[in-house]
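# Commentary on secondary and tertiary structure
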Amino acid sequence: MKINAPKGTQDILPEQALIWQWVEKQVREVFRVYNYGEVRTPIFEHTELFARGIGETTDIVEKEMYTFLDQGGRSITLRPEGTASVVRAFLEHNLAAKTGVTKLFYFGPMFRQEKPQAGRFRQFHQFGVEVLGENSPLIDAEVIAMATEIYRRLGLDALEVRLNSVGCPVCRANYRQALLDHLTPRSGELCASCQRRLVQNPLRVLDCKSPVCQGITAEAPQLDQYLCEDCASHFAAVRRYLDAMGVVYMIDSRLVRGLDYYTKTVFEVVYQGLGAQNAVCGGGRYDGLVQQCGGPPTPGIGFAAGVERLIITLEKQGKLPELSGAPQVYLSVLGDAPKLKAFEIAQNLRAQGIRTELEYAGRSLKAQMKTADKLNAALVLILGEDELARETIVLRNMKKGEQREVPWRELVTVIQEELG
Ligand code: ATP
Ligand code: MG
């Protein structure tokens, strides 16, 4: 029986992988100039970390985690997101002691047992950043500006930045009460999930995609009217800095984000063209998280961005780069005698950084030329017994259709000229 990849996972094949490498390179370059260091955390963690770090009543922890007991009976979870792991590593290695502000980024696979659909997978990839130890609204604005810079650099347009403030535990408690007062009389009309949310985490009702729930929350009081003085002035400063930097955004008072740990600034980057799963990036400030994970009071802010949705957006906007995985040189061998020399020449070209493919099977010239053509090689080298005796090789430029005989010792120079 044939075994396929599990539902919700994907193989990234060589041609597609070129696009992934290109995306990763651009993203890393942006992180570099903003002075972020990379952190590579394990793909699995103790389940407790996510339960504590993400929140027991979130969709992720309630129903999306890949959790299992390992051979030693420990509860292990494949990481569903990056922030909890980064905070754990930050505390475990006492990174706060190294510099005043810690700026970290990651890039890698995440796992959530969700219903697979367009732009939603069970194994997907995120890149993201976390800044630990800085309160200033300047860093909020910088993090948002950096996210938009990544998409701009990749050539994307028509992305929208949505911005909101969810306040701190103090002002949020006041708002929560006001929201409850508004929603409770109409709770019977809410969808089943929201009836549950109403009890556990009423702010999440604002997030619901159901039109009925959205209708009910449309008239609900808005969070920004409940912000305390500190949260309100922080939010005003973030907006002022973004305005000054020319970062375009819209205030979305429904934006509360799915995770419990956010405080003050929250934001998302969306591309409407993606349909239902339109968020490419989401993030915000989480001033309580480090403490919740057992550390000292430490402010934090970050975002996570989906790579699959980013690549779908590039596709939809016609912005995929043209990348070639073709060999520069196909080395064709005729007969047995030249095989060893051909191998030696191929190794020499590779050592010079020239992408080289070699004929292994010793087929007819016609068959070899067909392969070179299929591989889209720019140059073909042909080594037969005559060339071996003369210490030369035939070089054919496939595009120009020209060929000539080149002495071995001039080969690298001639190839470099031909390749431009
Ligand atoms: P959504 O509302 O689409 O479920 P989310 O709020 O759960 O998103 P985050 O946890 O904030 O998403 O993750 C940040 C980004 O990671 C998202 O904006 C999205 O681009 C991507 N992402 C999240 N879940 C998935 C998934 N299952 N498959 C593909 N990408 C995802
Ligand atoms: Mg989700």
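Because the structure is a prediction, the values reported are computed rather than measured.

## Here's the deal with the sheet that holds strand β4 (residues 75-78)
- Strand order in the open sheet formed by three strands is β2-β4-β3, and the pairing between neighbours is antiparallel. Each of the sheet's edge strands pairs with one partner strand only, and the pair in question is β2 (44-46) and β3 (67-69). Strand-to-strand twist in this sheet, taken as the mean axis angle between neighbours without regard to direction, amounts to 35 degrees.
- Taken strand by strand, helix α2 (residues 47-54) contacts β2, β3 and β4, and its axis lies near 80 degrees from that of β2.

## Brief notes about the sheet that holds strand β9 (residues 263-270)
- Taken in spatial order, the eight strands line up as β1-β5-β6-β11-β10-β9-β7-β8 in an open sheet, and their pairing is mixed. Strands at the two margins of the open sheet, each flanked by one partner only, are β1 (37-38) and β8 (250-251).
- Here helix α5 (residues 137-153) sits on the sheet and contacts β5 (102-111), β6 (123-132), β7 (160-165), β9, β10 (279-285) and β11 (300-306); the angle it forms with β11, its principal contact strand, is near 15 degrees.
- Contacting β5, β6, β10 and β11, helix α11 (residues 307-316) crosses the sheet at an angle of about 110 degrees to β6.

## Quick word on the site of ligand 1
- With respect to spatial proximity, 14 residues lie near ligand 1, and among them Arg 112, Glu 114, Arg 120, Arg 257 and Ala 279 are the closest.
- Here an oxygen atom of ligand 1 and a side-chain polar atom of Arg 112 are 2.8 Å apart.
- Within the contact set of ligand 1, an oxygen atom lies 3.3 Å away from a backbone nitrogen or oxygen of Gly 306.
- A total of 580 Å² of accessible area belongs to ligand 1 in isolation, and the protein chains cover 88% of it.
- Within the residue set of the shell around ligand 1, elements represented by two or more residues are β6, β10 and β11.

What counts and what doesn't
- Residues numbered from 1 in each chain as written.
- Chains lettered and ligands numbered in written order.
- Predicted model: local features only at pLDDT ≥ 70, side-chain atom pairs only at ≥ 80, totals over all residues.
- Heavy atoms only, no water.
- Pairing = 2+ DSSP bridges.
- Helix = DSSP H or I, 4+ residues; strand = E, 2+ residues; numbered from the N terminus.
- Axes fitted to C-alpha atoms, helices over the stretch in contact; angles between N-to-C directions.
- Contact = heavy atoms within 4.5 Å.
- Near = heavy atom within 4 Å.
- Polar contact = N/O pair within 3.5 Å; in protein donor to acceptor, adjacent residues only side chain to side chain.
- Areas by Shrake-Rupley, 256 points an atom, 1.4 Å probe, with all protein chains shown as cover.

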